[in-house]
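Report on the structure
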Amino acid sequence: MSYITRTGNLAATPTLREGDNGPYTYARVLVSDRIRQENGSYTDGPTVAYDVAVSGNQAQNLVEAAEESGNIRVTFSGRYCVTEYKGDQGSRLQHEVRADEIAVSLRGQSVRVVGKPSTADQGDDTPF
């Protein structure tokens, strides 16, 4: 298993789910690398779809951001595994990532952040 960091666009708004260990979601992120040609120009390479597993508060925030803004550009990091599936129509690769981190990318999109009170802010008003 490898570790990977990539940036791409959500293919669709992920669905928030609830499991024994709390909230989670699976986000499909589409990544296309720019390839430099011999003449110095660039072209888009093939698109690779990563199935990114996100849990906890990050899953909740990702789904909320996608519901508000659509197929946003995100950056993710985590443990990466490729599985090959063979069938009647040939083989295909599935790229899976268990995300340690996922964040909204600031490149090419406008982002508005709304702070939420943390659980620490809900305690008493005793100064530090």
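Conventions and cut-offs
In every chain, residue numbers begin from 1 and rise along the written sequence. Note on the predicted model: pLDDT of at least 70 is required for a residue's local features to be given, and 80 or more for side-chain atom pairs to be given and counted; whole-chain, interface and lining totals, by contrast, use all residues. To get the side-chain values, all heavy atoms of the structure are used, and hydrogens and water are removed first. Numbering of helices and strands runs from the N terminus, with a helix taken as a DSSP run of H or I at least four residues long and a strand as a DSSP run of E at least two residues long. This radius of gyration counts C-alpha atoms alone. The globule rule is 2.2 Å times how many residues there are, raised to the power 0.38. The contact definition used throughout considers only heavy atoms, calling two residues in contact when any of these lie within 4.5 Å. The method behind every accessible area is Shrake-Rupley, applied with a 1.4 Å probe, and residues are considered shielded solely by the protein chains displayed. We count Lys and Arg on the positive side and Asp and Glu on the negative side, and we leave His and both chain ends out. A charge is said to be at NZ when it belongs to Lys, at CZ for Arg, at CG for Asp and at CD for Glu. Take the number of residues in a helix, subtract one, and multiply by 1.5 Å to get its expected span. For every residue, the accessible area (1.4 Å probe, protein chains only) is compared with the maximum for its type, and the residue is labelled buried under 20%, exposed over 50%, or partly exposed between those bounds. This arc is built from the directions going out from the helix axis to the C-beta atoms.

1. A short note on the overall build of the chain
Of regular secondary structure, the chain possesses one helix and six strands. Radius of gyration (C-alpha) of the chain: 18 Å, far over the 14 Å computed for a compact globule of 128 residues. For the chain, the C-alpha atoms occupy an extent of roughly 65 × 40 × 25 Å along the three principal directions. Relative to all contacts within the chain whose residues are 6 or more apart in sequence, the contacts with residues 24 or more apart total 56%. A total accessible area of about 9400 Å² is found for the chain, and carbon and sulfur atoms account for 44% of it. With 13 positive and 17 negative side-chain charges, the chain shows a separation of 9 Å between the mean positions of the two kinds.

2. Describing helix α1 (residues 56-69)
With 14 residues, α1 extends 20 Å between its outermost C-alpha atoms, agreeing within 8% with the 20 Å of an ideal straight helix rising 1.5 Å per residue. Burial in α1 covers these residues: Ala59, Leu62, Val63 and Ala66. Angular distribution of buried residues about the axis of α1 spans 95°; they occupy a single face of the element. Facing away from the buried side of α1 by over 90 degrees, the exposed positions are Asn57, Glu68 and Ser69. On the buried face of α1, the contacting elements are β1 (2-10), β3 (22-36), β4 (42-55), β5 (73-87) and β6 (90-104).

Any functional reading would require information that these geometric values do not contain.
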